[in-house]
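# Summary of the model geometry
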Amino acid sequence: MQTSDTVSLAQAGAIALIRIDNPPVNAAGYSVRAGIVAALDWLADHPEVKAAALFAAGRTFIAGADIREFGKPPQDPWLPEVCNRIEACETPIVCILHGTTLGGGLEVALSAHARIAMPGTKVGLPEVHLGILPGAGGTQRTPRLTGQAFAVEAIVSGRHIPADEALSVGLIDALTDAPDPESAARQAAQAVVDCTLATRRTGELQVSPDPDALAAARSQTRAKHPHLFSPLKCIDAVAASTLPLPEGLARERVLFTECLNSPQRAGLIHAFFAERATAKVPEAAATPRAFQHVGVIGAGTMGSGIATACLLAGLNVTLTDQTDTALQAAQSRISDNLAGAVKRGKLSPEARDAALQAFTTTDDLTTLADCDLIIEAAFEDMDVKAQIFRQLDQIAKPGAVLATNTSYLDVNAIARQSARRGDVLGLHFFSPAHIMRLLEVVVADATTPEVTATGFALAKKLRKIAVRSGVCDGFIGNRILMTTRREAEYMMLDGATPQQIDDALEAAGWALGPFRTSDLAGLDIAWAQRQRRAATRPADERYVEVPDRLCEAGHVGRKAGAGYYLADGAPNPAVATALEAERQAKGITLRDFDAKDIVTRYLTAMIMEAASIVEEGIALRPIDVDVVLLFGYGFPRHLGGPLHQADQIGAQTLVDRLTTYAQEDAQFWRIPQILCDMAQTNTSFADRNG
Ligand code: CAA
C-alpha cells in the first residue's frame with residue numbers, strides 16, 4: 001500500500017518492506033518524510049510484524065534532505081523528528097543503503113536499528129558544502145558509532161566514504177551480496193526475525209569525549225577555511241555528542257538553525273544548483289556528434305593541458321605542432337601530468353599506459369584528417385588562427401567539429417575563414433586545462449545546435465562544467481576580468497598598493513587577488529591584449545601604464561621571477577617606482593582605501609560588467625555568469641557568484657552606488673539598463689534564472 005506519493009509498504013508475514021521512490025535521488029522531501037512516518041504508524045498498529053526494512057528504488061538510497069525546501073517555511077514532519085521516530089520504533093528497522101547515501105539519507109539510516117550496504121555504496125555527511133551541518137541527528141549519532149575523531153573529520157570534510165571504510169569504522173553493520181536493494185531488504189528483515197542480524201538503538205550508545213581530536217579539528221579548520229561559518233559549527237555540534245541524546249540533539253538544532261540563517265548557506269546552495277543548471281541550454285535537445293579521436297593543434301601549455309584532459313577521459317588524441325622540440329616538450333609535460341594523476345589516485349597505472357597508447361604526436365597537420373573533433377590551441381593571434389582554419393577546411397573529414405580555444409578573439413571572424421561555418425565553435429579552456437573544471441562553449445552566429453551540443457558532450461566526458469557564451473571580446477569570464485582588472489589598476493594608481501588590494505580580496509574569500517593572479521598567469525597575455533585594443537581604445541578611457549612598464553622591463557610575472565611581486569612573494573620595488581612616476585606625471589591626488597572599499601568597488605565593477613553580459617544575451621542567464629566566476633576565476637563559493645551577490649545587495653542600492661561612482665569616472669562606471677529595470681520593478685537576477 002502507498003503511505004504517501006513516494007513511499008509504499010508491503011507486508012510479507014512477519015516482515016514489512018518500506019520502499020521509497022522519489023526520483024532522481026530519493027531526496028527526503030515532505031512526501032518521503034510523511035510516507036515514512038505513516039509507515040511507522042502502520043507498524044505500531046501491526047504487532048505481528050517483527051521486523052521491517054527500509055530501502056529505495058532507483059539509483060540511490062536517500063541522497064539527503066530536499067535542498068529545494070531550504071529557506072522555505074518548514075513542513076511537518078521534520079527530518080529530525082522522522083529520525084527520532086525511526087529510532088524509537090518498537091519494531092526493529094534495518095536500512096538498506098545503495099548509491100550515494102548522503103546527508104539526511106545517512107541520518108535516516110543512523111537512526112535505524114541496523115545498516116546493510118550494497119557493494120559500491122558511498123555514504124557521507126556533505127552538509128558543510130551547503131553551509132549547514134547534519135541537522136537530523138548526524139552530529140550526535142555518528143560519534144556514537146565511530147567515536148568523535150572520525151565523526152568530526154567526516155562531517156567537516158563532507159567527503160564520500162566508501163562502504164568498506166564505513167564498515168570498518170562501524171557506520172554500517174554489514175555488506176550484502178543480494179542482487180538488488182529489495183532482495184537485500186527482504187533478506188535483512190528476515191535475518192532480524194531469525195535473530196541472525198543484531199539490532200540496537202544508536203542513540204543509546206555512549207560517546208567518549210575526545211578533546212584533542214576536537215581541538216586539532218578546530219585549529220585546522222580555522223587555518224583552512226577562515227571565511228567559512230558552518231565548519232566550526234559542525235565541530236561544536238560533535239562536541240555536544242557526549243551529552244545525553246535529547247540535549248545533544250537540541251544543541252545540534254540551535255547550531256543548525258544558525259547555519260540555515262547564514263547568508264553563506266544561501267550562497268552555497270545557489271552554487272550547488274547553478275553548477276547543475278548550466279547544461280540546460282536550448283541546444284541540449286540536439287544530438288551531439290560522436291567523438292573519440294581528438295586532434296589538438298598547438299603543443300604549448302594549453303594544448304598539452306587539453307590533450308591531457310582528453311586522454312584522462314579515455315579519448316584518442318593526436319597533438320600537432322610545427323617543431324619537434326615543441327612536441328617533445330609537450331610529450332614530457334603530458335607524461336608528467338598523467339603521472340601526477342596516478343600519484344593523486346585519479347588514474348590507475350593501467351589506465352595511464354592505455355592513455356599513452358592512445359596518444360600520438362605529429363608535425364603534419366594533414367594527419368588530423370581522421371579526427372572527429374579538432375581543437376586549435378595555437379598562439380593567440382588572429383592571423384595564425386585564420387590560417388589554421390583555412391587549412392582545416394582542406395584537411396578535416398566531413399562532419400568533424402572544428403573548435404578554437406581562444407580567450408578573446410572573435411569566433412565569428414575565425415569561423416568565416418572556413419567554408420563549414422556551422423561546424424565551428426569556441427571551446428575556451430582554463431589553465432591548467434586538465435585540472436580546471438570550467439569550459440566556456442562559445443557559440444558563434446552560424447554554429448549548428450549539434451555542434452554546440454557536442455561542446456557540451458565533450459565537457460561532460462571531460463568532467464567539466466560547460467557554460468554557454470555568445471561571442472564578445474573575452475566572452476563571459478575574461479570580459480569581466482578585463483573590467484575588474486581595470487578597477488584594480490585604478491585603485492592602485494589612486495593610492496592602494498597591489499598587496500593591499502590582493503589581501504583585501506583574499507581576506508574576503510577570493511582564491512587569489514588580481515595582481516597575484518596576473519603574476520601567476522603572466523602579465524604578457526593582458527599586455528598583448530591591451531596592444532590589440534590600443535587603436536580602438538576610447539580617448540576618454542583612463543589608462544594605467546604601470547603594467548606596461550613592468551612588461552617592458554621583463555617583469556612579466558612568476559615565470560620571469562618578478563611581476564607585481566618578487567619570487568619570494570615580497571612586493572616588487574619596480575612597481576612603486578613606476579607608480580610614483582605615473583602619479584606625478586598625471587597629477588594624481590592620493591586617497592585612502594580600506595579593505596571594505598576595495599572589496600565593494602571590485603565587486604561592483606564585476607556586477608556592472610556581469611549585468612551587461614546578461615543584458616546583451618552573451619550569457620543565457622545570470623546563473624551562467626555566476627558559474628563562470630565560481631569555477632574559472634576563484635570567486636568565493638560561499639558568496640554564490642557576482643549576480644547572486646547583486647541580489648543580496650539589491651538593484652536600487654547598486655544603481656545608487658554606480659551613480660555615485662560615475663561622478664568620478666563616467667567613462668568606466670556605467671549603469672546597465674537591466675539594473676535600472678530591476679530597481680524599478682523590484683525584481684532580482686534570480687527571477688531571470690528561469
Ligand atoms: N535535494 C534536491 N535535489 C537534489 C538533491 C537534494 N538533496 N541532490 C540532488 N538533487 C537533484 C539535482 O539538483 C539534479 O537535479 P536536475 O536533474 O534537475 O539538475 C538531480 O537531483 C541529479 O543530481 P546530480 O546531477 O548531481 O546527479 P549525480 O548523479 O551527479 O550526483 C548526488 C548525485 C551525489 C546525490 C549529488 O546530486 C549530490 O551530491 N547531491 C547533494 C547531496 C547532499 O548534499 N545531501 C545533503 C543534503 S542536506 C541535508 O541532508 C540536511 C540535513 O542534515 C537535514
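Residues numbered from 1 in each chain as written. Predicted model: local features only at pLDDT ≥ 70, side-chain atom pairs only at ≥ 80, totals over all residues. Heavy atoms only, no water.

## Considerations on the overall build of the protein chain
Per the secondary structure count, the protein chain includes 28 helices and 17 strands. Its C-alpha atoms give the protein chain a radius of gyration of 28 Å, near enough to 26 Å, the size a compact globule of 690 residues would have. Taking the principal axes of its C-alpha atoms as reference, the protein chain extends roughly 90 × 60 × 50 Å. The burial tally for the protein chain puts 56% of its 690 residues in the buried class. Within the protein chain, counting contacts between residues at least 6 apart in sequence, those at least 24 apart form 73% of the total. The averaged location of the 80 negative side-chain charges in the protein chain is 1 Å from the averaged location of its 64 positive side-chain charges. (Helix = DSSP H or I, 4+ residues; strand = E, 2+ residues; numbered from the N terminus. Rg over C-alpha atoms; globule rule 2.2 N^0.38 Å. Buried < 20%, exposed > 50% of the residue type's maximum accessible area, 1.4 Å probe, protein only. Contact = heavy atoms within 4.5 Å. Lys, Arg positive; Asp, Glu negative; His and termini not counted. Charge placed at Lys NZ, Arg CZ, Asp CG, Glu CD.)

## Digging into the packing of helix 4 (residues 138-146) against helix 10 (residues 245-260)
At their nearest, the axes of helix 4 and helix 10 sit 8 Å apart, and the two run at 135° to each other. Between helix 4 and helix 10, the angle is such that the two are oblique. Packed against helix 4, whose contacting residues are Gly-138, Thr-139, Gln-140, Arg-141 and Arg-144, the element helix 10 presents Leu-245, Gly-248, Leu-249 and Glu-252 at the interface. Classifying every residue of the contact of helix 4 with helix 10 by side-chain character gives two nonpolar, four polar and three charged. (Axes fitted to C-alpha atoms, helices over the stretch in contact; angles between N-to-C directions. Parallel < 35°, antiparallel > 145°, perpendicular 65-115°, else oblique. Nonpolar A, V, L, I, M, F, W, Y, C, P; charged D, E, K, R; others polar.)

## So, the pairing of strand 2 (residues 15-20)
In terms of burial, strand 2 is largely enclosed, as five of its six residues are buried. In this sheet, strand 2 lies alongside strand 1 (residues 7-12) in antiparallel orientation, the contact comprising six bridges. Opposite Ser-8, over in strand 2, you have Arg-19 as the bridge partner. Joining the antiparallel neighbours strand 1 and strand 2 is a turn of two residues, in which Gly-13 adopts a positive phi near 65°. Where the polypeptide runs from strand 2 across helix 1 (residues 30-44) and back to strand 3 (residues 51-56), its parallel neighbour, the crossover connection is right-handed. (Pairing = 2+ DSSP bridges. Right-handed = clockwise from strand over helix to strand, strands pointing away.)

## A word on the sheet that holds strand 8 (residues 161-162)
The three strands are arranged 5-7-8 in an open sheet whose pairing can be described as mixed. Edge positions in the open sheet fall to strand 5 (100-102) and strand 8, since each of these has one partner strand only. Across three bridges, the pairing between strand 5 and strand 7 (residues 122-124) is parallel. Note that in strand 7 the partner of Leu-102 across the bridge is Gly-124. Along the sheet, helix 3 (residues 104-111) makes contact with strand 5 and strand 7, crossing strand 5 at roughly 80°.

## Some details on the site of the ligand
In the neighbourhood of the ligand, 27 residues make up the surrounding shell, with Arg-59, Gly-104, Glu-107, Glu-127 and Arg-276 lying closest. Within the side chain of Glu-107, a nitrogen or oxygen atom sits 2.7 Å from an oxygen atom of the ligand. Within the backbone of Gly-135, an N or O atom sits 3.1 Å from an oxygen atom of the ligand. For the ligand, whose unbound accessible area comes to 990 Å², protein coverage reaches 77%. Those elements that place two or more of their residues in the shell around the ligand are strand 5, helix 3 and helix 11 (263-277). Grouping the constituent residues of the shell around the ligand by class yields 15 nonpolar, five polar and seven charged. (Near = heavy atom within 4 Å. Polar contact = N/O pair within 3.5 Å; in protein donor to acceptor, adjacent residues only side chain to side chain. Areas by Shrake-Rupley, 256 points an atom, 1.4 Å probe, with all protein chains shown as cover.)

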